[in-house]
Amino acid sequence: MFINQQGIMKPHQETAIELVNSLKQAEITKKMLNAPHLAIVFPAFSDGRGFTLAKRLRRLGYKGGLTAKGALIPDQFDAAFIAGFDAVEIDEARASRQPLEQWLSARNLLKHSYQDDIFALRHKE
Amino acid sequence: MYSYDQFDKQMVRERVTQFRDQVSRRLTGALTEEEFRPLRLMNGVYLQLHAYMLRAAIPYGTLNSTQMNQLAHIADKFDKGYGHFTTRQNIQYNWVQLKDMGDILDLLADVEMHAIQTSGNCIRNVTADHFAGVAHDEVEDPRITAEFLRQWSTFHPEFSFLPRKFKIAVTGAKADRAVIMAHDIGLQLVKHNGEIGYKVIVGGGLGRTPMIGQVVREFLPKNELLPFTEAVMRVYNAEGRRDNKYKARIKILVHETGIGEITRLIEEEYAALDKKAYVYDSQEFARIATYFALPPLENLPQKAFTTKNPALKRFVEVNSFPHKQAGYIALTISLKPQGGIPGDATAEQMRVVAGLAKTYSHDEIRVSHNQNLILPHVKLDDVEAIYEVLEKHGLATANINLITDIIACPGMDYCSLATARSIPIAQSISNQFSKKQEADIGELNINISGCINACGHHHVAHIGILGLEKSGQESYQITLGGDSSENAAIGKLLGPGLAAEQLPSFIERLVGIYKGEKQGNERFLDTYKRVGAAPFKKAYDNVH
C-alpha cells in the first residue's frame, strides 16, 4: 500500500531505486541524486536511520520522489514527511493490520512542533 | 521556574490524546506489543515485575508545591500511596495499571507535567545541578539550557528511533553536581573572554561498560547549542551500532571510532546542516531565562546559624548548602531514613514538603540525582520551624553525603531487569552505623545497583555495590574509588563477590581501614586515592 503526503493511495509513476537505510553520506552517488524516485528501506520501525538518510538526500539537493518503504507504523507518518519523504509504502500484511484510516488519523495529532514552528510563533513580529 | 505557555499546554494534552489512541490500537491488535512498546516507553510506561511502572518527568528536577501535591494525589489514587525519586531526577510509580495511564497523564498535564520520553530510544530528561540558581560558583543557571533542550528534544521527528536511549546533563559551574562526565552529552557552562558558552562532552555513560565522557568542543557559543546538538544526534542516529543492544550507546561509538574521528564527523555534519531553523534561538533562550530569575529574596545580614538544640545544629551542619544570597541556604530533605527505602516518599510526606516549599522556599522544590529533595531558598531564620515539621514526618534525617545517604536502584524487589535485591542491602548498611559513627566517618558515597545496568550509578560511588547472581544466589561485588564529580572516575573492583549478610560488616571493615590510613582531614575517597586498593583488600581477610 502506497500513501502519499496528501493521503492518497497513488504510487509513484517511476520505479524506485532502493537504498539501504545504513547508507553513509559519503556513499551517496550522483546516479542516486539524479534518479527520479528513491525508496529507503526501513528494516524495522525502531530503526530511525531512514529519517536521517532522507534528510541528508534532500540536503544534497535531491528533488525526486522519496518513499519510506517497509516497516513503519502510522505514528511515524508525520516524521516521515518532515524528514523529506513524500510517500510511505507498506506491504499487504501490514496494510491489513494498519489500514489507510489509521495512517490518516495519526497525522497532525500535534498541531505544532518545537522543532518547526513554536519558536517562530512565539517571536516572529 | 518555567511555566507553560499555550503551546506547551497544547502539546502535553495532544500527547495524551495520542497515547490513548495508541492504547486502544494496541487493544484491538492494530499495533503489536512490539510496536506498542516504544510508543508506551516514550510515555514513560514500563512493564515491570509486579505491575506497570510509570516514570513521570520532573524536568531538571524542579517542581512547585502544586505539582508535588498532584504527584501525591496520583500516588494515593493510582498507586500504593508512595512514589520513588530517581537518579535522573524523575519520579516512579511502581503499582499503576495500564488502564489508568491516560487518566494519570491527564492529571499530570493539569499541572504542567508529563511522562514524555522518560524511556525509550530517544532523548530523555535533561538533568541539571540540583543547586542551580543557588550556588555561588555558577556561571549561569543550567536549567535555562535544560528547559531549552527539553523543548527542542520533545517529539523530535528525526531522533525518536535512536539506536538506544540518550541522556543529557548540564552543569552551570566547574563543580559537577550533575554527573555530566557520565552522560551521553554533558554540558558545562563556561565563560571565554566574557562570553558564555558550553564545553561539550560526549560519550560518557555507566551501565555495563562505564566510560568517562570526552571533550568534542572546548567552547561552543551559546546560540549554537541546538544546531550543534542536532549534529551530534544525527551522527549518532546514523552511525550508532544497532546490532547489539548493549553496544548501542554513543559511548561505544566514541570508543570504537575514536574521539578525533567522532569530532570530525560531528563538525562536518555541523558545517553542512541548515541553520535557518535556529534563527529564533537567542530570543527563545532569553524568553526561557526570564523564568529562572531568583525569586524576591530578602536582604539579610550574613550570619552563622545558632541554636541550643544540638540535633537541629547537626541537621543544619549536615543538610545545608550555601546559598549565594546572604542569610539563606538550600536545605536538603533526606529520603534516606535509617533502615528506610532510599528515595521513597509517601504521599503524606510529599504533601508536607509541598507545604513547606510554599511557605518557606518561594514555592520551589528540587529533586537531586542522589534521590533526595531540596528546598532551595530557605532563610536561616526559618530552619527551626521547618525542622519541627520535618521531624514529625520522618523527614529530618541529618545524613546528606554521609554513609547512610545511600543511593540505590529499586532492584529485584521491583525491576524485571535485576539480578539481585538492592533495597534490603541499603537498609542493612543504614542500620549498621550509629549517628556517632556516621558523623565520625564523614563524607562517604555508597551506591547500590541491583544489576549490571547500573541504574544505582555504583560505578561513580566511593564504595559501589553491584548485585549479581552466582549459582542461584545473590552475590555482591564491591568497587572502590568512583567519583561522580568533575574529577570523574570509575570505581575499581576490589575482590570477590560477597553474600548479602556479609556486607554490613564488610563495609564496617573498609571504614576501619580508612580510619587507620587516614591523614589529616581526608575523606574516604581521598585516602583511597592516596593509598590505593591494597590496604582495603585486607577487608577480605577472615570473611566467612
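In this numbering scheme, every chain counts its residues from 1 along its sequence in written order. As a convention, the first chain written is A and the first ligand written is 1, with the rest following in written order. Local features in this predicted model are restricted to residues whose pLDDT is 70 or higher, and side-chain atom pairs enter the listing and the counts only when it is 80 or higher, whereas totals over whole chains, interfaces and linings include all residues. For the side-chain quantities, the full set of heavy atoms in the structure was used; hydrogens and water were omitted.

Novice: It is not clear to me how the overall build of chain A should be interpreted in this structure. Could you clarify?
Specialist: Helical segments are the DSSP runs of H or I of at least four residues, strand segments are the runs of E of at least two, and each set is numbered from the N terminus. Summing up its helical and strand segments, chain A has six helices and five strands in all. Counting from the amino terminus, chain A carries its helices and strands in the arrangement β-β-α-β-α-β-α-β-α-α-α. Projected onto its principal axes, the C-alpha positions of chain A cover 45 × 35 × 25 Å. In this description, contact between two residues means that some pair of their heavy atoms is separated by no more than 4.5 Å. Here the analysis covers contacts within chain A between residues at least 6 apart in sequence; of these, 62% occur between residues at least 24 apart. With an accessible surface of roughly 6000 Å², chain A has 53% of that area assigned to carbon and sulfur atoms. With 17 positive and 14 negative side-chain charges, chain A shows a spacing of 6 Å between the two charge centroids. Surface accessibility follows the Shrake-Rupley procedure with a 1.4 Å probe radius. Residue values consider only the protein chains on display as shielding. Two residue types count as positive, namely Lys and Arg, and two as negative, namely Asp and Glu; His and chain ends fall outside the count. By convention, the charge on Lys lies at NZ, on Arg at CZ, on Asp at CG and on Glu at CD.

Novice: I keep staring at the packing of helix H1 (residues 6-28) of chain B against helix H4 (residues 101-110) of chain B and nothing clicks. Help me out?
Specialist: Think of two packed helices as two axes; the pair is described by the angle between the axes and how far apart they sit. Residue and element names in this part refer to chain B. Convention adopted: a line fitted to C-alpha atoms gives each axis, helices being fitted over their contacting stretch, and angles between N-to-C directions are expressed from 0 to 180 degrees. Following both chains from N to C, one finds H1 and H4 inclined at 180 degrees, their axes separated by 10 Å at the closest point. For the element pair H1 / H4, the angle class is roughly antiparallel. Contacts between H1 and H4 pair Val12, Arg13, Val16, Phe19 and Arg20 from the former with Met101, Gly102, Asp103, Leu105, Asp106, Ala109 and Asp110 from the latter. Classifying every residue of the contact of H1 with H4 by side-chain character gives six nonpolar, one polar and five charged. Roughly parallel means an angle under 35 degrees; roughly antiparallel means over 145; roughly perpendicular covers 65 to 115; every other angle is labelled oblique. Amino acids outside the nonpolar list (Ala, Val, Leu, Ile, Met, Phe, Trp, Tyr, Cys, Pro) and the charged list (Asp, Glu, Lys, Arg) are all regarded as polar, and Gly is one of them.

Novice: Hey, could you run me through the pairing of strand E12 (residues 328-333) of chain B in this one?
Specialist: Each regular strand shows side chains that alternate between the opposite faces of the sheet. All names here are of chain B. Throughout this description, buried means an accessible area under 20% of the type-specific maximum (1.4 Å probe, protein chains only), exposed means over 50%, and partly exposed covers the range between. Taken across its six residues, E12 has six buried, putting it largely inside the fold. Being paired, for any two strands, means DSSP has found at least two bridges between them. Examined bridge by bridge, strand E11 (residues 320-322) and E12 share three bridges and lie antiparallel to one another. Opposite Pro322, over in E12, you have Ile329 as the bridge partner. Between E11 and the antiparallel strand that follows it, E12, lie five residues; Gly327 among them carries a positive phi value of about 85 degrees. Pairing of E12 with strand E15 (residues 373-379), which is carried by five bridges, proceeds in the antiparallel orientation. Paired with Thr332 across the two strands is Ile374, which belongs to E15.

Novice: Help me understand unusual backbone geometry in this model?
Specialist: Glycine aside, residues mostly have negative phi angles, and peptide bonds mostly take the trans form. Residues and elements named next belong to chain B. The residue Tyr60 is not glycine, and still its phi comes out positive at about 45 degrees. By the element assignment, Tyr60 lies in the loop between strand E2 (52-56) and strand E3 (62-63). A positive phi angle, close to 60 degrees, is found at Glu112, a residue other than glycine. Checked against the element boundaries, Glu112 lands in the loop between H4 and strand E6 (127-128).

Novice: I keep staring at the sheet that holds strand E8 (residues 185-192) of chain B and nothing clicks. Help me out?
Specialist: Remark on secondary structure: sheet strands pair via backbone hydrogen bonds, oriented parallel or antiparallel. Residues and elements named next belong to chain B. Pairing in this open sheet of five strands is mixed, and the strands run E6-E7-E8-E9-E10 from one edge to the other. Looking at the sheet topology across the chains shown, the edges are occupied by E6 and strand E10 (214-221). Here E8 runs beside strand E9 (residues 195-202); their pairing, made up of eight bridges, is antiparallel. What sits directly across from Lys191, in E9, is Ile196.

Novice: I keep staring at the interface of chain A and chain B and nothing clicks. Help me out?
Specialist: Note on interface size: it is often stated as the accessible area lost on association of the parts. Taken together, the contact pairs 35 residues of chain A with 47 residues of chain B. Buried area is a sum: the accessible area each of two parts loses on coming together, probed at 1.4 Å, counted once for each and added. Of the roughly 3800 Å² buried between chain A and chain B, counting both surfaces, carbon and sulfur atoms make up 58%. Of all residues in chain A, the largest losses of buried area upon contact with chain B belong to Tyr114, Gln115 and Phe119 of chain A, amounting jointly to 19% of the total for that side. When a carboxyl oxygen of Asp or Glu is within 4 Å of a side-chain nitrogen of Lys or Arg, the pair counts as a salt bridge. Counting across the interface, chain A meets chain B through 10 salt bridges. For Arg122 of chain A, the salt bridge is made with Asp8 of chain B, and the minimal N-O distance between the two is 3.0 Å. Polar contacts, as used here, are pairs of N or O atoms within 3.5 Å; protein pairs need one atom able to donate a hydrogen and one able to accept it. Residues neighboring in sequence count only if both atoms are side-chain atoms. Where chain A touches chain B, the interface holds 25 residue pairs in polar contact (both at pLDDT 80 or more). Here the side of chain A that touches chain B is built from residues that sort into 13 nonpolar, 10 polar and 12 charged.

Novice: How do you make sense of the sheet that holds strand E13 (residues 344-346) of chain B when you look at a structure like this?
Specialist: Residue and element names in this part refer to chain B. Ordered in space as E1-E2-E5-E4-E13, the five strands form an open sheet in which the pairing is antiparallel. What marks the edges here is a single partner per strand, and that holds for strand E1 (45-47) and E13. Neighbour to neighbour, the strand axes of the sheet diverge by 30 degrees on average, direction disregarded. With three bridges joining them, E1 and E2 adopt antiparallel strand pairing.

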